[in-house]
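# Chain and residue survey
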Amino acid sequence: MSRGEELVRWLEKELGGNLISAETVFPGRLFIDLKREALSAAAAALMNRGARYQVGVGYDARKSGQGFGLVHTFAFDKDSLLVALRTFAPEDDPEFDSLTPLIPGAGWSEREYQDLLGLKFKNHPNPRRLVLSDDWPEGIYPLRREVPHDLMPPAAEEVAFRLEEAPPGTSIVPFGPFHASLHEPAHFSVYVDGEDIKGCEYRGFMTHRGIEKLAQTELTYNDVPFVAERICGICGSVHSVNYAQAVEAAAGLRVPRRAEFIRTVALELERLHSHLLWLGVAGHLIGFDTVFMQAWRIREKIMWLAERLTGNRKTYGMVIIGGVRRDINRDRSEDIRAVLREVEREMLALEKAILKDRTIHKRTRGVGHLSREEAVKWNLIGPVARARGVDIDARRDHPYAAYDEVQFEVPLADSGDVWGTLVVRVKEVYQAIKIINQCLDKLEKLPKNEPLSVDLEGPIPASRQGLSLVEAPRGEAVHYVLTGEENRPERWRVRAPTYPNLQAVPSMLLNNKLADFPIIVGSIDPCISCTDRVLVVERRSGKARLLSRQELENLSRGKRSGR
Amino acid sequence: MWLWNKIKQLAISFRAGVVTLRYPFEPRTAPEGFRGQPVWDHTKCIGCAGCASHCPARTIFLRDICQEVRILLYDSSRCTYCGRCADLCPEKAITMSDRFELATDNRQDITQSIELFMMTCQRCGRCYDLEIKNYIDRLSSLGYRYDCLEARKVIRRSTTEFSQEELEKTVAYERPGRLEK
Ligand code: SF4
Ligand code: SF4
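Nothing here was measured: the structure is a model prediction, and the numbers come from that model.

Reading guide: rules and limits
- Residues numbered from 1 in each chain as written.
- Chains lettered and ligands numbered in written order.
- Predicted model: local features only at pLDDT ≥ 70, side-chain atom pairs only at ≥ 80, totals over all residues.
- Heavy atoms only, no water.
- Phe/Tyr/Trp six-rings, centres within 6.5 Å; stacked < 30°, edge-to-face > 60°.
- Buried < 20%, exposed > 50% of the residue type's maximum accessible area, 1.4 Å probe, protein only.
- Lys NZ or Arg CZ within 6 Å of the ring centre and 35° of its normal.
- Near = heavy atom within 4 Å.
- Nonpolar A, V, L, I, M, F, W, Y, C, P; charged D, E, K, R; others polar.
- Domains from an automatic or database assignment.
- Buried area = accessible area lost by both parts, 1.4 Å probe.
- Salt bridge = Lys/Arg side-chain N within 4 Å of Asp/Glu carboxyl O.
- Polar contact = N/O pair within 3.5 Å; in protein donor to acceptor, adjacent residues only side chain to side chain.
- Contact = heavy atoms within 4.5 Å.
- Helix = DSSP H or I, 4+ residues; strand = E, 2+ residues; numbered from the N terminus.
- Pairing = 2+ DSSP bridges.
- Axes fitted to C-alpha atoms, helices over the stretch in contact; angles between N-to-C directions.

Residues and elements named next belong to chain A. The final tally for this structure, using the stated rule, is 16 aromatic pairs over all chains. For the pair Tyr400 and Tyr403, a centre-to-centre distance of 4.9 Å together with 65° between the ring planes defines the contact as edge-to-face. The pair Tyr400 / Tyr403 is uniform in exposure class, with both members buried. Put simply, the rings of Trp108, Phe175, Phe188, Tyr202, Phe205, Tyr499 and Phe517 pair up and form one aromatic cluster. Lying over the aromatic face of Trp296, Arg299 brings its terminal NZ or CZ to 5.2 Å of the ring centre.

All right, on to the site of ligand 2 then. Around ligand 2, a shell composed of Trp40, Cys45, Ile46, Gly47, Cys48, Ala49, Gly50, Cys51, Leu72, Cys89, Pro90 and Ile94 of chain B is seen. Its residues assigned to classes, the shell around ligand 2 shows 10 nonpolar, 2 polar and no charged.

With that out of the way, let us pick up the domain arrangement of chain A. All names here are of chain A. Looking at the assigned domains, one finds that chain A contains domain 1 (3–131) and domain 2 (211–532). Relative to domain 2, the C-alpha centre of domain 1 lies at a distance of 27 Å. Summing the contributions of domain 1 and of domain 2, the shared interface buries around 2,600 Å²; its carbon and sulfur component is 56%. When the area that domain 1 buries against domain 2 is broken down by residue, the three leading residues are Phe31, Arg52 and Trp108, summing to 22%. In this assembly, domain 1 and domain 2 are joined by 3 salt bridges. Linking Arg52 and Glu476 is a salt bridge whose minimum nitrogen-to-oxygen distance equals 2.6 Å. Linking domain 1 with domain 2 are 16 residue pairs in polar contact (both at pLDDT 80 or more).

Let us now look at the interface of chain B and chain A. Contacts between the two partners involve 34 residues from chain B and, on the opposite side, 44 residues from chain A. Regarding the contact of chain B and chain A, the summed buried area is about 3,200 Å², with carbon and sulfur atoms giving 48% of it. Between chain B and chain A we count 4 salt bridges in total. Among the ionic pairs, Asp223 of chain A bridges to Arg58 of chain B, the shortest N-O distance being 3.0 Å. There are 17 residue pairs in polar contact (both at pLDDT 80 or more) connecting chain B and chain A. Of all the elements in the fold, those that place two or more residues in the side of chain B that touches chain A are α1 (2–16) and α3 (84–88) of chain B. Among the elements that take part in the side of chain B that touches chain A, α1 of chain B stands out by supplying 8 residues, more than any other. Tallied by class, the residues present in the side of chain B that touches chain A amount to 14 nonpolar, 7 polar and 13 charged.

Residue and element names in this part refer to chain A. The strand order across the open sheet formed by 3 strands is β8-β9-β10, and the pairing between neighbours is antiparallel. The open sheet has two free edges, formed respectively by β8 (171–175) and β10 (196–203), since each of these has just one partner strand. Here the average twist between neighbouring strands, direction ignored, is 25°. In terms of strand pairing, strand β9 (residues 187–193) meets β10 through 7 bridges, oriented antiparallel. When the bridges of β10 are listed, Asp193 appears paired with Asp196.

This is how it looks when you write it as structure tokens:
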């Protein structure tokens, strides 16, 4: 009996009348509708069976008379199964049980819908504002249907986020929203005792752009991939492919094989450039600029290759619903092979020259340590999890696109620190090259005249759910689509890999040195823009002691030379 | 060990040499297939508005300023160079050019507008192109498939006679505002 059947049976037995329906519309996806009362019991049952929590999706279902919907999704990585639990709450009583006491990783999702939809969560340990700016008026919930997508309430003066008091015996060092070592706006209030970090509070979501709302009100199905691609400045294809897959799953479209291989090539090219970018940034953050310069020089070749293949170095624009827009023909695949050979050679040389360098070891080993148990508890994903011995990779566990036909390894490390992340990412570069080469071989064997995309036969039916995963360079990204009328999604939820990983940063920071703050935060490769989705202007009390960049540099130099 | 690593790093850096391009002093040409600014060929366009209703950035705008004249306005300031318009144009009137150095302090520099002379169909009263031999159906061919009505609303609007006011409105149309509700 497969995991899915076993689950459904258990739910039928235990929940009885509280289980409304359970269906598998698409292999590997189980969509369950429950009564509200049974939510936490069902979630606990899934977790006991070894599920990994992914994301919560709230939506406004008042049009169909169902009040507010809430979907929690879970992954069984060993069984290639994704489970979505959906419940509804009536409009006059939009309260759900909070899953956060059970699953800490659900904390943000729930706070998000508290802000955006006005849902309430019973027993949430930290029900503070998360997404909306501090001066956003109370009682306006942007994701509700009646709120226009371009609503701009007037800004209010003198409101500030209430950061918590520092624990006794510590003082606060604020990092961000703008800080030399953060590439994107986010605020960390770090509690330090001397040089040791004793805790941290995060306030982010300053680059919330309301993309999901835009897609649900203004765009049409085939406009969204181009907007999705602009969610992230690095992994664009990840989001466009992911969105397209979710819609295709919901609509029951079969994508031509050729298109799936081309998508895979685009995704792996993105992984290559992202890993090299991160390697460079990591080098820069620990003050090792040779790595930065050389990794980025190698990366540039891939950017130019992408420009030749797709017409742009970053926004590939390859994906539409049902397929891709451009082909990779023989000339182009020769071009790709040549560039990859060069990148592989250069990367090996660089690896040999740096991985034994003492600078790197001193700055990364034992830094940002988190045990495997903690990593599982926080639902870490991607290289951050793999560096802690958690063997997950959506490409292998939940194959999509053409990953079921290519062979690759999933590198793991068990050191549980920044060093492990670095090793994992460097090894993944070679795996990505291997995957692309295999895809090119297979592409050449496929019939040439196969269409690149399928045509829609008619409108996509409404109220169907689609759930898709893509292993982004930083970890798994989840897209949930509920199809709607008027040729656009009713609900589209994007969960970027940084979303769960960032929630665990406070634990990673604990008992590290302040000077290691940038590299620890950097080690998860935080993509704040992907994670955030309303512009926040934050005013902080001037109480905190500011550390100048010079001071910071001195600190980090002192550490580096072992003094 | 330490020294040996440093020597290797030095070797890599020396071998790579200076890689910074002398851009903008030496021009960098775009590769073949590059998606630069879209360019309209007014002799081919039949004014079907397919491009306008599919532009994800909603930056192409069509409006009938009188029964015979339809204006197509493209405001590059919002264009994301995705090439969707060029893909969907049934007449292949749009090409993605290799122009990418588009920074300007005057929006008019990067705006394109075409005046299209249209005929009125005696049967249905809708406008169609006069000069190119085309069926009226082609107007609604590629572009309008399963399109959303909401987006269409702002694009087609006719007045029975020429109106200076509509023309001015169209030309002065500022896209980054909001869609009419
Ligand atoms: S290239 Fe894309 S954004 Fe630009 S006008 Fe065409 S469809 Fe619109
Ligand atoms: S899609 Fe082509 S023919 Fe139709 S209005 Fe646009 S440019 Fe003209």
